Amino acid sequence: MAPVISEAPASDRVAVVLVSEAPASEGPGQRQGGGGQRGRFGGHDKPDDGFTEKVLSINRSAKVVKGGRRFGFSAVVIVGDKKGKVGMGQGKANQVPDCIRKASENARAQLVSVVLRDTTIPHEVLSRYDGAKVLLRPASTGTGIIAGKTVRAVCELAGVRNLLSKSLGSNNPLNLAKATLAGLLELRDRNEVMKARGKYVPEPEAPAAEEPAVAAEPVAAEEPAVAAE
């Protein structure tokens with residue numbers, strides 16, 4: 001005896017198809033389409049720790065393989081809190097956001113402290129790194145930072161607001177940044193130099209409290225002179 005196969009009406013079959021193809025309900029904060037693209041390209045929230053980032057340079061390299069060319073990127077990032085702490089980092093990846101993120105993490109791991117005097121540097125310094133040579137000089141208030149792109153970025157994030165500088169060698173951004181950082185690390189405060197020489201550093205005296213003014217005693221009125229007879 002042949003089996004009997006019952007077929008559902010056409011309207012029921014269409015309903016089944018529509019239910020199977022209905023998209024899943026979106027939860028709060030979810031967006032349909034393109035949601036994974038941002039994560040794939042390295043999108044991330046920057047940590048709110050008081051530090052500012054600046055990208056100095058991004059370089060691209062290409063490797064020729066059998067199927068074509070394979071690209072790689074490298075970035076140099078400066079990180080600082082504008083209060084005397086600054087660091088420089090490098091990162092390499094196959095995508096630009098990834099290499100910037102790696103450079104930022106590397107810079108935060110290499111933070112150094114810089115000696116400042118108010119809004120400028122304590123003294124003049126000449127620093128070298130490889131082919132780069134940088135001259136840094138203190139400046140009076142209101143001068144600003146007279147420097148190129150690379151030296152300006154490093155000094156601004158270190159907290160310097162008034163500075164005179166001159167690049168006397170190579171213009172390579174990486175070497176310039178390292179030479180500037182080396183010059184900032186050579187800065188010394190007066191008290192630090194005096195202690196290194198074994199000399200006494202007098203502490204600033206606190207202003208003496210003023211004594212209250214003593215009220216003046218009333219002066220007796222003079223008697224009028226008696227005319228001579």
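To be clear, the structure that these remarks concern was listed above.
A. Up close: the overall build of the protein. In terms of helices and strands, the protein carries six helices and eight strands. Counting contacts in the protein only where the partners sit at least 6 residues apart, residues at least 24 apart contribute 56% of the total. Total accessible area computed for the protein in this model is approximately 16900 Å², and 52% of it derives from carbon and sulfur atoms.

B. Looking closely at the environment of Leu126. Tracing the backbone through its elements, the reader meets Leu126 in strand S5 (residues 125-129). For the pair Leu126 and Glu186, spaced 60 residues apart in the sequence, the C-alpha separation amounts to 9.2 Å. Apart from the residues within four sequence positions on either side, Leu126 is in contact with Lys133, Val134, Leu135, Leu168 and Glu186.

C. Structural context of the sheet that holds S5. If you trace the four strands from one edge of the open sheet to the other, you get S5-S6-S8-S7, paired in mixed fashion. This sheet does not close on itself; its edge strands, each paired only once, are S5 and strand S7 (145-146). Summarising the sheet, strand S6 (residues 132-138) and strand S8 (residues 163-167) pair through five bridges and their orientation is antiparallel. Along S8, the bridge assignment pairs Val134 with Ser167. Its contacts with the sheet put helix H5 (residues 173-185) on S5, S6 and S8, and the angle it makes with S5 is roughly 140°.

D. Representation of the pattern of salt bridges in the model. Applying the stated criterion to the full structure yields seven salt bridges. For the salt bridge of Glu156 with Lys54, the shortest nitrogen-to-oxygen distance reads 2.7 Å. Placement of Glu156 in helix H4 (residues 149-158) and of Lys54 in strand S1 (residues 52-65) is noted, with a sequence separation of 102 residues between them. The exposure class of Glu156 is partly exposed, given its relative accessible area of 25%.

E. Looking closely at the pairing of S5. In terms of strand pairing, S5 meets S6 through five bridges, oriented antiparallel. Looking at S6, one finds that Leu126 is bridged to Leu135. Taken together, S5 and the strand that follows it, S6, pair antiparallel across an intervening segment of two residues, in which Asp130 is found at a positive phi of about 55°.

Definitions and limits used
Residues numbered from 1 in each chain as written. Predicted model: local features only at pLDDT ≥ 70, side-chain atom pairs only at ≥ 80, totals over all residues. Heavy atoms only, no water. Helix = DSSP H or I, 4+ residues; strand = E, 2+ residues; numbered from the N terminus. Contact = heavy atoms within 4.5 Å. Areas by Shrake-Rupley, 256 points an atom, 1.4 Å probe, with all protein chains shown as cover. Pairing = 2+ DSSP bridges. Axes fitted to C-alpha atoms, helices over the stretch in contact; angles between N-to-C directions. Salt bridge = Lys/Arg side-chain N within 4 Å of Asp/Glu carboxyl O. Buried < 20%, exposed > 50% of the residue type's maximum accessible area, 1.4 Å probe, protein only.

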